[in-house]
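# A structural walkthrough
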Amino acid sequence: MSKNPPGDAALTAFARYDDASQPSRVVAGYPNTRTRTPAAAPVAYVPGLSEITGPSFDGATLRPCEHNLAVAPDTGRRAIGQIIALAGRVSDEDGRPVRHSLIELWQANGAGRYIHGHDDNDAPLDPDFIGVGRAVTDGEGVYRFITIKPGAYPVPNSGNWWRPPHIHFSLFGSSAMSRLVTQMYFPGEPLNAHDRLINSVPDAAARERLVCRVVDNPLAPVPALGFAFDIVLRGRAGTPWIDA
Amino acid sequence: MKRRLVPPPTPSQTIGPFFPPHLIPPGANDLTSRAPGAPPAAGEVVLLSGRIIGEGGKPAVNALIEIWQADAGGRFNHPADRRNTPIDRNFAFWGRARTDGDGGYRFRTIKPGSVDGASAPHISVTILGSGLMRRLVTRMYFPDAALNETDPLLRSLDEARRHRLVARHAAAKATGGLALVFDIVLRGEGETPFLDD
């Protein structure tokens, strides 16, 4: 940084990630983590304006149906599977809501198949489900999606590792420092306990925060399974602590 | 006993192999305008390409690379940049691309200005992909930039590693912009320095 940083100097002090609540970078039984994880220690540096700023997407280009994956936009036909209403609040670790921030979501269909050239599982595609959605958080940091519960699927050449039902989330937050890509899991799924990706997170409480919780159906009387999944993004140093 | 008011950040998980192509629309790797056909941003056009490779020179196929940078005037379109200098509203500032079967990626962008007169012009690079449980972050610098000599991050690296953060000129001159190559080695011989995150 220069002697007179052009941004707010206080913003440069971002909290460090805690390794116990983040996944280990190398995961047993997941070979790509060995061949793609850098061997050298990361370079310590002072984040500059290019790190403490970042893209913002105010939703101007979003179509109104993009949060609803359960109905094919062109035909109005419902996708195959159990319909779910998924909502949550995005905050930073200082407790501030992350407002007007883009969330990208993608998932397998009810049979455990993605629309993607690299997915060669033999489960059927659903012509009424593309499995991609976007939403922008509101003024309270709250997002909402309507979708269907994804199926489990086997990971090729992995010795019968089946991924539990999960939904991928990509979030941008308020700066490049808060970018997060993660996966959300469902409560009570037997495959969760065996999943190599969930188990890559050392801290049990942190693993639990990857699992959504059952809530009342917010769409009632329209039938749906209600789930809540709150997300916390990295905040600035100086996270509030209380005596307990 | 102290307790956090809010839990620590949600754990990262790998982006996996199935990031949807729908989220990489045509033009997502062209920062020189806000949308295909929209008015062009100011500044020198840069045609950036490179390969992302893993251990043993194996291409990192189907990885996602995202870039974020200042405009030609060194300005960011973000509230943390509080200077009164003008923002180029035609510039996209951010873009993303997916690597092809050879690990290759391409961007069309603008050469950024220096942000503060001390750090050299650079592009902030984020890599997500199968096998990466957490994102990787680095910076790409420009060849022949005088400020590279004084840039605090480049100066903190030894000679050999410093060069790995500086793009090179493409072998063939291109029409329509400054052609640069920035290869990213995730692991092994010639490994790219990644930033603490």
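Look a little higher up for the structure.
Model, not experiment: these values are computed from the prediction. (Residues numbered from 1 in each chain as written. Chains lettered and ligands numbered in written order. Predicted model: local features only at pLDDT ≥ 70, side-chain atom pairs only at ≥ 80, totals over all residues. Heavy atoms only, no water.)

## A closer look at the overall build of chain A
Within chain A one finds three helices and 12 strands. With respect to the three principal axes, the spread of C-alpha positions in chain A is 60 × 40 × 40 Å. Buried residues in chain A amount to 52% of all 244 residues. Summarising the internal contacts of chain A: among those between residues at least 6 apart in sequence, 70% fall at separations of at least 24. (Helix = DSSP H or I, 4+ residues; strand = E, 2+ residues; numbered from the N terminus. Buried < 20%, exposed > 50% of the residue type's maximum accessible area, 1.4 Å probe, protein only. Contact = heavy atoms within 4.5 Å.)

## Focus on the pattern of salt bridges
With the rule as written, the count across this model stands at 24 salt bridges over all chains. Between Glu66(A) and Arg63(A) there is a salt bridge, with the nearest N and O atoms lying 3.9 Å from each other. Linking Asp94(A) and Arg96(A) is a salt bridge whose minimum nitrogen-to-oxygen distance equals 2.7 Å. Put simply, Glu104(A), Arg179(A), Glu66(B) and Arg96(B) are held in one network by salt bridges that share partners. (Salt bridge = Lys/Arg side-chain N within 4 Å of Asp/Glu carboxyl O.)

## With respect to the packing of aromatic side chains
Enumeration according to the criterion identifies 16 aromatic pairs over all chains in this entry. Ring plane angle 65° and centroid distance 5.9 Å describe the contact between Tyr30(A) and Trp161(A), whose orientation is recorded as edge-to-face. Separated by 131 residues along the polypeptide, Tyr30(A) in the segment before helix H1 (32-36) and Trp161(A) in the loop between strand S5 (153-154) and strand S6 (162-163) bring together distant segments of the chain. You can call Tyr30(A) buried: its relative accessible area is 10%. Relative to Phe93(B), the ring of Phe91(B) has its centre 4.9 Å away and its plane inclined at 65°; by these criteria the two rings are edge-to-face. Since its relative accessible area comes to 0%, Phe91(B) is described here as buried. On the basis of relative accessibility, which here comes to 2%, the residue Phe93(B) falls in the buried class. Following the ring pairs from residue to residue traces out a cluster consisting of Tyr143(A), Phe145(A), Phe169(A) and Phe229(A). (Phe/Tyr/Trp six-rings, centres within 6.5 Å; stacked < 30°, edge-to-face > 60°.)

## Observations regarding the environment of Pro38(A)
Here Pro38(A) is to be found in the loop between H1 and helix H2 (49-52). Overall, the relative accessible area of 17% leaves Pro38(A) in the buried class. Spatially, the C-alpha atoms of Pro38(A) and Arg25(A) are 9.2 Å apart, while their sequence positions differ by 13 residues. In contact with Pro38(A), other than residues within four places in its own chain, are Leu136(B), Leu186(B), Arg187(B), Glu191(B) and Phe194(B).

## What to know about unusual backbone geometry
Residues and elements named next belong to chain A. Cis geometry marks the peptide bond from Ala220 to Pro221, where omega comes out at 10°. If you check the backbone angles, Asn157 has positive phi at about 55° while not being a glycine. Inspection of the secondary structure assignment puts Asn157 in the loop between S5 and S6. Phi is positive for Asn160, which is not a glycine, with a value near 60°. Using a relative accessible area of 65% as the deciding quantity, one classes Asn160 as exposed.

## A few points about the sheet that holds strand S3 (residues 132-136) of chain A
Residues and elements named next belong to chain A. Read across the sheet, four strands follow the order S3-S2-S7-S8 without closing on themselves; strand pairing throughout is antiparallel. Across the chains shown, the open sheet's two edge strands, defined by having one partner strand only, are S3 and strand S8 (180-185). Pairs of neighbouring strands in the sheet enclose a mean axial angle of 25°, with direction left out of account. In this structure, strand S7 (residues 166-171) lies alongside S8, joined through six bridges in antiparallel fashion. Directly across from Leu171, in S8, lies its bridge partner Leu180. (Pairing = 2+ DSSP bridges. Axes fitted to C-alpha atoms, helices over the stretch in contact; angles between N-to-C directions.)

## Notes on the interface of chain B and chain A
Across the boundary between the two partners, chain B contributes 67 residues, which contact 88 residues of chain A. Here chain B packs against chain A, burying approximately 7,000 Å² in sum over the two surfaces, 58% of which is carbon and sulfur. Counting the surface chain B buries against chain A, the share from its top three residues, Gln13(B), Phe18(B) and Arg134(B), is 12%. On the surface where chain B and chain A come into contact, there are six salt bridges. At the boundary of chain B and chain A, one finds 36 residue pairs in polar contact (both at pLDDT 80 or more). Among the elements of the structure, strand S1 (2-4), strand S3 (64-68), strand S4 (94-98), strand S6 (122-128), strand S7 (136-141) and helix H1 (152-155) of chain B are those that each provide at least two residues to the side of chain B that touches chain A. Taken together, the residues that form the side of chain B that touches chain A break down as 34 nonpolar, 14 polar and 19 charged. (Buried area = accessible area lost by both parts, 1.4 Å probe. Polar contact = N/O pair within 3.5 Å; in protein donor to acceptor, adjacent residues only side chain to side chain. Nonpolar A, V, L, I, M, F, W, Y, C, P; charged D, E, K, R; others polar.)

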